[in-house]
Amino acid sequence: MTLMLKGSRVLVVGASTTAERVIPGLVDAGAEVIVCEGGEISPGIEGWAERGRIQLWRTPFTPAMLWGKRMVVVTDPDLLREVMVQSNLHGVLVDDATDGAAQHAQEFKGRRASRAGHLAGTVALVGGGPGNPDLITVEGRRLLRLADVVLADHLGPLSLLGELDPDVEIIDAAKLPYGRAMAQERINELLVDRARQGLFVVRLKGGDPYLFGRGFEELVALREAGVTVTEVPGISSAISVPAAAGIPVTQRGVNHDFTIVSGHVPPGHPTSLVNWDALGQMTGTIVVIMGVKNGPAIAEKLISAGRDASTPAAVIQEGTTENQRVFRCTLGTLGDTIRGEGVRPPAVFVIGEVADESL
(Lines give C-alpha, C1' and ligand atoms only; values in the text may rest on other atoms or scores of the structure.)
Protein backbone atom coordinates (compact mmCIF):
# COMPACT_ATOMS: atom_id res chain seq x y z
CA MET A 1 0.00 0.00 0.00
CA THR A 2 1.26 3.48 -0.87
CA LEU A 3 0.00 6.49 1.06
CA MET A 4 0.31 9.88 -0.67
CA LEU A 5 1.52 12.33 1.98
CA LYS A 6 2.69 15.28 -0.09
CA GLY A 7 1.46 18.44 1.65
CA SER A 8 -0.09 16.48 4.53
CA ARG A 9 0.57 17.21 8.19
CA VAL A 10 1.96 14.16 10.01
CA LEU A 11 2.51 13.97 13.77
CA VAL A 12 5.38 11.82 15.06
CA VAL A 13 5.04 10.88 18.73
CA GLY A 14 8.46 10.42 20.27
CA ALA A 15 11.88 11.81 19.40
CA SER A 16 14.18 8.83 19.87
CA THR A 17 16.53 7.17 17.38
CA THR A 18 13.53 5.09 16.31
CA ALA A 19 11.85 8.30 15.19
CA GLU A 20 15.05 9.25 13.32
CA ARG A 21 14.51 6.26 11.06
CA VAL A 22 10.90 7.21 10.28
CA ILE A 23 11.17 10.95 9.73
CA PRO A 24 13.42 11.07 6.60
CA GLY A 25 10.97 8.97 4.62
CA LEU A 26 8.06 11.21 5.63
CA VAL A 27 9.99 14.34 4.66
CA ASP A 28 11.00 12.80 1.34
CA ALA A 29 7.32 12.02 0.70
CA GLY A 30 6.58 15.74 1.01
CA ALA A 31 4.84 15.60 4.39
CA GLU A 32 4.88 18.45 6.88
CA VAL A 33 6.31 16.65 9.91
CA ILE A 34 5.65 17.69 13.52
CA VAL A 35 7.42 15.83 16.31
CA CYS A 36 6.18 15.94 19.90
CA GLU A 37 8.36 14.83 22.81
CA GLY A 38 8.25 15.84 26.47
CA GLY A 39 11.47 14.10 27.36
CA GLU A 40 14.85 13.46 25.77
CA ILE A 41 15.25 14.43 22.11
CA SER A 42 17.82 12.75 19.87
CA PRO A 43 20.59 14.94 18.37
CA GLY A 44 19.46 14.07 14.85
CA ILE A 45 15.94 15.36 15.45
CA GLU A 46 17.32 18.47 17.15
CA GLY A 47 19.39 19.11 14.03
CA TRP A 48 16.48 18.63 11.62
CA ALA A 49 14.40 21.07 13.67
CA GLU A 50 17.20 23.65 13.63
CA ARG A 51 17.42 23.36 9.85
CA GLY A 52 13.66 23.81 9.49
CA ARG A 53 13.08 20.35 8.00
CA ILE A 54 10.58 19.50 10.76
CA GLN A 55 8.66 21.21 13.56
CA LEU A 56 9.53 20.17 17.10
CA TRP A 57 7.02 20.51 19.94
CA ARG A 58 8.86 20.02 23.25
CA THR A 59 5.83 18.74 25.12
CA PRO A 60 4.19 15.34 25.72
CA PHE A 61 1.42 14.06 23.45
CA THR A 62 -2.08 15.47 23.98
CA PRO A 63 -5.24 14.63 21.98
CA ALA A 64 -5.46 18.24 20.78
CA MET A 65 -2.33 17.64 18.70
CA LEU A 66 -4.34 15.38 16.37
CA TRP A 67 -6.44 18.22 14.97
CA GLY A 68 -5.57 18.92 11.35
CA LYS A 69 -3.31 15.86 11.02
CA ARG A 70 -3.70 13.22 8.36
CA MET A 71 -1.61 10.61 10.12
CA VAL A 72 0.20 10.02 13.38
CA VAL A 73 3.31 7.85 13.63
CA VAL A 74 3.95 6.41 17.09
CA THR A 75 7.55 5.60 17.99
CA ASP A 76 7.08 5.57 21.77
CA PRO A 77 5.64 2.17 22.82
CA ASP A 78 4.38 3.58 26.15
CA LEU A 79 2.02 5.93 24.30
CA LEU A 80 0.80 3.60 21.56
CA ARG A 81 -2.51 2.60 23.17
CA GLU A 82 -3.46 6.17 24.16
CA VAL A 83 -2.63 7.55 20.71
CA MET A 84 -4.59 4.78 18.97
CA VAL A 85 -7.70 5.41 21.08
CA GLN A 86 -7.60 9.16 20.53
CA SER A 87 -6.77 8.85 16.82
CA ASN A 88 -9.79 6.59 16.25
CA LEU A 89 -11.99 9.24 17.83
CA HIS A 90 -10.54 11.93 15.55
CA GLY A 91 -10.47 9.80 12.38
CA VAL A 92 -6.68 10.03 12.07
CA LEU A 93 -4.61 7.21 10.59
CA VAL A 94 -2.09 5.57 12.94
CA ASP A 95 1.23 4.02 11.96
CA ASP A 96 2.72 1.80 14.65
CA ALA A 97 6.49 2.27 14.41
CA THR A 98 7.19 0.80 17.84
CA ASP A 99 7.47 -2.89 16.93
CA GLY A 100 11.07 -2.75 15.80
CA ALA A 101 12.19 -0.84 18.86
CA ALA A 102 10.15 -2.90 21.32
CA GLN A 103 10.82 -6.38 19.99
CA HIS A 104 14.24 -6.15 18.45
CA ALA A 105 16.13 -3.64 20.58
CA GLN A 106 19.26 -5.33 21.86
CA GLU A 107 22.91 -4.66 22.43
CA PHE A 108 24.29 -3.92 18.98
CA LYS A 109 27.93 -4.46 19.78
CA GLY A 110 29.37 -7.32 17.76
CA ARG A 111 26.13 -8.68 16.31
CA ARG A 112 26.37 -6.91 12.98
CA ALA A 113 30.14 -6.83 13.12
CA SER A 114 30.10 -10.61 12.72
CA ARG A 115 27.65 -10.25 9.85
CA ALA A 116 30.02 -7.73 8.23
CA GLY A 117 32.74 -10.39 8.24
CA HIS A 118 36.18 -9.05 7.34
CA LEU A 119 34.86 -5.49 7.57
CA ALA A 120 34.56 -5.73 11.38
CA GLY A 121 36.82 -3.17 13.02
CA THR A 122 37.13 -1.04 9.88
CA VAL A 123 35.65 2.21 8.58
CA ALA A 124 34.14 2.98 5.17
CA LEU A 125 34.16 6.59 3.95
CA VAL A 126 31.06 6.62 1.74
CA GLY A 127 30.03 9.42 -0.59
CA GLY A 128 26.24 9.60 -0.47
CA GLY A 129 25.78 11.65 -3.63
CA PRO A 130 23.97 14.97 -4.20
CA GLY A 131 20.82 14.34 -2.18
CA ASN A 132 18.53 11.93 -4.01
CA PRO A 133 18.93 8.56 -2.22
CA ASP A 134 18.85 6.73 -5.56
CA LEU A 135 22.12 8.43 -6.54
CA ILE A 136 24.32 6.75 -3.95
CA THR A 137 26.61 4.17 -5.56
CA VAL A 138 25.77 0.47 -5.46
CA GLU A 139 28.82 -0.19 -3.29
CA GLY A 140 27.94 2.64 -0.93
CA ARG A 141 24.45 1.27 -0.38
CA ARG A 142 25.78 -2.27 0.10
CA LEU A 143 28.20 -1.18 2.81
CA LEU A 144 25.57 0.96 4.51
CA ARG A 145 23.35 -2.10 4.93
CA LEU A 146 26.21 -3.93 6.67
CA ALA A 147 27.03 -1.13 9.09
CA ASP A 148 26.96 -1.46 12.88
CA VAL A 149 27.44 2.29 13.27
CA VAL A 150 26.68 5.16 10.88
CA LEU A 151 28.05 8.69 11.33
CA ALA A 152 25.92 10.76 8.98
CA ASP A 153 26.26 14.30 7.61
CA HIS A 154 23.13 16.42 7.10
CA LEU A 155 23.68 16.45 3.32
CA GLY A 156 23.83 12.68 3.04
CA PRO A 157 20.82 10.62 1.81
CA LEU A 158 19.25 10.39 5.27
CA SER A 159 16.14 8.53 4.11
CA LEU A 160 18.34 5.45 3.61
CA LEU A 161 18.82 5.30 7.37
CA GLY A 162 15.22 4.15 7.64
CA GLU A 163 16.18 0.92 5.87
CA LEU A 164 18.67 -0.07 8.56
CA ASP A 165 18.01 -2.57 11.33
CA PRO A 166 16.85 -1.10 14.67
CA ASP A 167 20.10 -1.98 16.44
CA VAL A 168 22.32 0.10 14.15
CA GLU A 169 23.78 3.05 16.03
CA ILE A 170 23.19 6.30 14.12
CA ILE A 171 25.26 9.34 15.10
CA ASP A 172 24.40 12.80 13.79
CA ALA A 173 27.69 14.34 12.66
CA ALA A 174 26.12 17.31 10.90
CA LYS A 175 27.96 20.54 10.21
CA LEU A 176 25.17 23.05 9.67
CA PRO A 177 26.02 26.17 7.64
CA TYR A 178 26.73 28.89 10.22
CA GLY A 179 24.99 26.81 12.88
CA ARG A 180 25.39 23.76 15.10
CA ALA A 181 28.31 21.53 14.18
CA MET A 182 30.09 18.49 15.56
CA ALA A 183 33.80 19.26 15.81
CA GLN A 184 35.94 17.37 13.31
CA GLU A 185 38.15 16.14 16.14
CA ARG A 186 35.13 14.57 17.83
CA ILE A 187 34.07 12.89 14.58
CA ASN A 188 37.56 11.41 14.25
CA GLU A 189 37.45 10.17 17.85
CA LEU A 190 34.09 8.45 17.34
CA LEU A 191 35.23 6.75 14.14
CA VAL A 192 38.33 5.37 15.84
CA ASP A 193 36.49 4.40 19.04
CA ARG A 194 33.74 2.42 17.32
CA ALA A 195 36.18 0.68 14.98
CA ARG A 196 38.34 -0.36 17.94
CA GLN A 197 35.25 -1.94 19.49
CA GLY A 198 35.27 -4.35 16.56
CA LEU A 199 32.33 -2.71 14.79
CA PHE A 200 31.96 -1.88 11.12
CA VAL A 201 31.55 1.89 10.81
CA VAL A 202 30.18 3.80 7.81
CA ARG A 203 30.95 7.50 7.59
CA LEU A 204 28.11 8.69 5.34
CA LYS A 205 28.91 12.02 3.69
CA GLY A 206 27.11 14.13 1.13
CA GLY A 207 28.49 14.31 -2.40
CA ASP A 208 32.03 12.95 -2.64
CA PRO A 209 34.12 12.65 0.56
CA TYR A 210 37.17 14.27 -1.02
CA LEU A 211 35.52 17.29 -2.69
CA PHE A 212 35.35 19.88 0.10
CA GLY A 213 34.14 17.07 2.35
CA ARG A 214 37.10 16.72 4.75
CA GLY A 215 37.16 13.04 3.96
CA PHE A 216 40.93 12.99 3.57
CA GLU A 217 41.33 14.46 7.06
CA GLU A 218 39.32 11.55 8.42
CA LEU A 219 41.34 9.09 6.35
CA VAL A 220 44.60 10.44 7.81
CA ALA A 221 43.25 10.29 11.39
CA LEU A 222 42.09 6.70 10.92
CA ARG A 223 45.35 5.58 9.35
CA GLU A 224 47.33 7.17 12.17
CA ALA A 225 45.16 5.20 14.62
CA GLY A 226 45.86 2.00 12.71
CA VAL A 227 42.29 1.60 11.44
CA THR A 228 41.72 0.11 7.98
CA VAL A 229 39.68 2.35 5.71
CA THR A 230 37.58 1.61 2.62
CA GLU A 231 37.02 4.61 0.34
CA VAL A 232 33.83 4.80 -1.70
CA PRO A 233 33.64 7.84 -4.03
CA GLY A 234 30.33 9.63 -4.43
CA ILE A 235 28.63 11.66 -7.14
CA SER A 236 29.49 15.29 -6.49
CA SER A 237 26.81 17.97 -6.43
CA ALA A 238 29.17 20.24 -8.38
CA ILE A 239 28.45 18.28 -11.57
CA SER A 240 25.26 16.31 -10.90
CA VAL A 241 23.13 19.18 -9.58
CA PRO A 242 23.66 21.35 -12.69
CA ALA A 243 22.96 18.24 -14.78
CA ALA A 244 19.67 17.68 -12.91
CA ALA A 245 18.73 21.24 -13.87
CA GLY A 246 19.55 20.62 -17.54
CA ILE A 247 22.86 22.48 -17.42
CA PRO A 248 26.09 20.83 -18.64
CA VAL A 249 29.28 22.08 -17.00
CA THR A 250 31.07 21.56 -20.35
CA GLN A 251 29.72 21.84 -23.88
CA ARG A 252 31.46 21.36 -27.23
CA GLY A 253 32.16 24.70 -28.84
CA VAL A 254 31.31 26.63 -25.68
CA ASN A 255 34.05 25.91 -23.14
CA HIS A 256 37.08 23.72 -22.62
CA ASP A 257 37.36 24.06 -18.85
CA PHE A 258 35.39 24.37 -15.65
CA THR A 259 36.43 25.31 -12.12
CA ILE A 260 34.84 24.17 -8.86
CA VAL A 261 35.09 26.70 -6.05
CA SER A 262 34.11 26.55 -2.39
CA GLY A 263 32.24 29.69 -1.46
CA HIS A 264 32.25 29.24 2.31
CA VAL A 265 34.92 31.97 2.62
CA PRO A 266 34.24 35.31 0.88
CA PRO A 267 36.70 37.06 -1.45
CA GLY A 268 39.17 39.16 0.49
CA HIS A 269 38.96 37.04 3.64
CA PRO A 270 42.41 36.39 5.15
CA THR A 271 41.85 32.61 5.06
CA SER A 272 40.71 32.53 1.41
CA LEU A 273 42.87 30.36 -0.86
CA VAL A 274 41.09 31.27 -4.10
CA ASN A 275 42.73 33.58 -6.64
CA TRP A 276 39.54 35.48 -7.48
CA ASP A 277 41.34 37.94 -9.74
CA ALA A 278 42.63 35.12 -11.93
CA LEU A 279 39.25 33.39 -11.85
CA GLY A 280 37.57 36.56 -13.08
CA GLN A 281 39.84 36.59 -16.14
CA MET A 282 38.86 33.05 -17.19
CA THR A 283 36.09 32.31 -19.68
CA GLY A 284 35.15 28.75 -18.69
CA THR A 285 32.42 27.51 -16.37
CA ILE A 286 32.60 28.33 -12.67
CA VAL A 287 30.67 26.12 -10.26
CA VAL A 288 30.33 27.43 -6.71
CA ILE A 289 29.23 25.18 -3.85
CA MET A 290 28.66 26.20 -0.21
CA GLY A 291 28.31 29.80 -1.35
CA VAL A 292 24.80 30.95 -0.46
CA LYS A 293 25.87 33.46 2.20
CA ASN A 294 28.77 34.81 0.15
CA GLY A 295 27.19 34.54 -3.30
CA PRO A 296 26.58 38.30 -3.77
CA ALA A 297 30.16 39.14 -2.77
CA ILE A 298 31.54 36.45 -5.07
CA ALA A 299 29.57 37.83 -8.03
CA GLU A 300 30.77 41.37 -7.35
CA LYS A 301 34.39 40.23 -7.12
CA LEU A 302 34.27 38.24 -10.36
CA ILE A 303 32.80 41.25 -12.18
CA SER A 304 35.42 43.63 -10.76
CA ALA A 305 38.12 41.13 -11.80
CA GLY A 306 36.95 41.20 -15.42
CA ARG A 307 34.09 38.72 -15.90
CA ASP A 308 31.24 40.25 -17.87
CA ALA A 309 28.18 41.05 -15.73
CA SER A 310 25.94 39.71 -18.52
CA THR A 311 27.48 36.21 -18.24
CA PRO A 312 24.64 33.66 -17.89
CA ALA A 313 24.25 32.10 -14.45
CA ALA A 314 21.97 29.73 -12.58
CA VAL A 315 21.18 28.92 -8.97
CA ILE A 316 20.01 25.40 -8.09
CA GLN A 317 18.73 24.77 -4.57
CA GLU A 318 18.38 21.23 -3.18
CA GLY A 319 19.26 19.77 -6.56
CA THR A 320 18.22 16.19 -7.51
CA THR A 321 15.55 16.14 -4.75
CA GLU A 322 11.79 16.71 -4.87
CA ASN A 323 12.44 20.18 -3.43
CA GLN A 324 14.75 21.27 -6.28
CA ARG A 325 14.40 24.92 -7.33
CA VAL A 326 16.18 26.46 -10.35
CA PHE A 327 16.65 30.18 -10.97
CA ARG A 328 18.20 31.51 -14.18
CA CYS A 329 19.93 34.89 -14.00
CA THR A 330 23.18 36.63 -14.95
CA LEU A 331 26.35 37.14 -12.99
CA GLY A 332 25.26 40.74 -12.44
CA THR A 333 21.89 39.71 -10.97
CA LEU A 334 23.13 36.66 -9.06
CA GLY A 335 23.17 38.42 -5.70
CA ASP A 336 19.68 39.85 -6.15
CA THR A 337 18.40 36.42 -7.19
CA ILE A 338 19.81 34.76 -4.08
CA ARG A 339 18.27 37.39 -1.80
CA GLY A 340 15.02 37.86 -3.69
CA GLU A 341 14.21 34.17 -4.01
CA GLY A 342 15.17 33.37 -0.43
CA VAL A 343 17.74 30.77 -1.52
CA ARG A 344 18.94 28.55 1.33
CA PRO A 345 21.68 25.92 1.55
CA PRO A 346 22.36 23.54 -0.01
CA ALA A 347 22.62 25.33 -3.34
CA VAL A 348 24.96 25.30 -6.33
CA PHE A 349 25.76 28.26 -8.57
CA VAL A 350 26.76 27.85 -12.21
CA ILE A 351 28.42 30.81 -13.96
CA GLY A 352 29.26 30.67 -17.66
CA GLU A 353 27.83 30.35 -21.14
CA VAL A 354 26.68 26.79 -20.40
CA ALA A 355 23.95 28.32 -18.20
CA ASP A 356 22.42 30.15 -21.17
CA GLU A 357 18.86 28.89 -21.65
CA SER A 358 19.23 29.18 -25.43
CA LEU A 359 21.73 26.32 -25.58
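Provided above is the structure to which this section pertains.
Keep in mind that this is a model prediction, so the values were computed, not measured.

Each value, and the rule that gives it
Residues numbered from 1 in each chain as written. Predicted model: local features only at pLDDT ≥ 70, side-chain atom pairs only at ≥ 80, totals over all residues. Heavy atoms only, no water. Helix = DSSP H or I, 4+ residues; strand = E, 2+ residues; numbered from the N terminus. Buried < 20%, exposed > 50% of the residue type's maximum accessible area, 1.4 Å probe, protein only. Core = buried A, V, L, I, M, F, W, Y, C linked by side-chain atoms within 4.5 Å. Contact = heavy atoms within 4.5 Å. Pairing = 2+ DSSP bridges. Axes fitted to C-alpha atoms, helices over the stretch in contact; angles between N-to-C directions. Parallel < 35°, antiparallel > 145°, perpendicular 65-115°, else oblique. Left-handed = near helix turned anticlockwise from the far one by under 90°. Nonpolar A, V, L, I, M, F, W, Y, C, P; charged D, E, K, R; others polar. Salt bridge = Lys/Arg side-chain N within 4 Å of Asp/Glu carboxyl O. Patch = residues over 30% accessible without salt bridge, like charges linked within 9 Å, V, L, I, M, F, W, Y side chains within 5 Å. Areas by Shrake-Rupley, 256 points an atom, 1.4 Å probe, with all protein chains shown as cover. Phe/Tyr/Trp six-rings, centres within 6.5 Å; stacked < 30°, edge-to-face > 60°. Arc of directions from axis to C-beta.

Draft legend 1. Region of the structure containing unusual backbone geometry. A cis amide bond, omega 0°, links Pro345 with the succeeding residue Pro346. Mapped onto the secondary structure, Pro346 falls in the loop between helix H12 (334–340) and strand S15 (347–351). With a phi close to 55°, Phe212 is a non-glycine residue in the positive phi region. Given the relative accessible area of 42%, Phe212 is considered partly exposed.

Draft legend 2. Spotlight on the nonpolar core. Grouped together as the largest cluster of nonpolar side chains are 40 residues, with contacts concentrated most on Ile23, Ile45 and Val150. Of the residues forming this core, the biggest block, 4 residues, is contributed by helix H1 (residues 17–28). Excluding residues that lie within four positions of it along the chain, Val150 makes contacts with Leu144, Leu161, Leu164, Val168, Glu169, Ile170, Ile171, Val202 and Leu204.

Draft legend 3. Inspection of the sheet that holds strand S8 (residues 169–172) at higher detail. Spatial strand order, S8-S7-S9-S6-S10: 5 strands in an open sheet with parallel pairing. For this open sheet the edge positions go to S8 and strand S10 (229–232), each flanked by a neighbour on one side alone. Recorded for the sheet is a direction-independent mean angle of 15° between the axes of neighbouring strands. For strand S7 (residues 149–152) and strand S9 (residues 201–205), the ladder comprises 4 bridges, and the chain directions are parallel. Within the sheet, the bridge partner assigned to Ala152 lies in S9 and is Leu204.

Draft legend 4. Focus on the packing of helix H7 (residues 184–196) against helix H8 (residues 215–224). Taken N-terminus to C-terminus, the directions of H7 and H8 make an angle of 45°; their axes are 10 Å apart at the nearest point. Judged on the interaxial angle alone, H8 and H7 are oblique. At the point where H7 passes H8, the crossing takes the right-handed sense. Contact with H7, carried on its side by Gln184, Ile187, Asn188, Leu191 and Val192, involves Glu217, Glu218, Ala221 and Leu222 of H8 and no other residues of that element. Residues of the contact of H7 with H8, tallied by class, amount to 5 nonpolar, 2 polar and 2 charged.

Draft legend 5. Summary view of the pattern of salt bridges. Within the structure shown, the criterion is met by 15 salt bridges. What you see here is one network of salt bridges that share partners, running through Asp153, Arg203, Lys205 and Glu218.

Draft legend 6. A look at a nonpolar patch on the surface. Judged by side-chain polarity, Tyr210, Phe216 and Val220 come together as a nonpolar surface patch covering roughly 280 Å² of accessible area. Look at Val220 and you get partly exposed, because its relative accessible area is 30%.

Draft legend 7. Structural context of the sheet that holds strand S14 (residues 325–330). Pairing in this open sheet of 5 strands is mixed, and the strands run S11-S12-S15-S13-S14 from one edge to the other. Only two strands of the sheet have a single partner each, and these edge strands are strand S11 (258–262) and S14. Sheet twist, expressed as the mean angle between neighbouring strand axes with direction ignored, is 15°. Relative to S14, strand S13 (residues 312–317) is paired through 6 bridges, and the arrangement is antiparallel. Paired with Val315 across the bridge in S14 is Phe327. In this fold helix H9 (residues 237–244) packs onto S11, strand S12 (285–289), S13 and S15, with an angle of close to 80° to the strand it touches most, S15.

Draft legend 8. Structural context of the packing of aromatic side chains. Applying the stated criterion to the full structure yields 1 aromatic pair. On the numbers, 6.2 Å between centres and 85° between planes, the contact of Tyr210 with Phe216 is edge-to-face.

Draft legend 9. Up close: the packing of H1 against helix H2 (residues 43–50). Viewed as axis vectors pointing N to C, H1 and H2 meet at an angle of 35°, and their least axial separation amounts to 9 Å. Contacts between H1 and H2 involve Ala19, Glu20, Ile23 and Pro24 on the former and, on the latter, Pro43, Gly44, Ile45 and Trp48. The residue inventory of the contact of H1 with H2, partitioned by class, reads 6 nonpolar, 1 polar and 1 charged.

Draft legend 10. Spotlight on H8. Where H8 is concerned, the buried positions are Gly215, Glu218, Leu219, Ala221 and Leu222. All buried residues of H8 lie within an arc of 165° about the axis, which places them on one face of the element. Away from its buried face by more than 90 degrees, H8 exposes Phe216, Arg223 and Glu224. In this structure, the buried residues of H8 make contact with strand S6 (123–127), H7, S9 and S10. Gly226 sits one or two positions beyond H8 and adopts a positive phi of about 80°.

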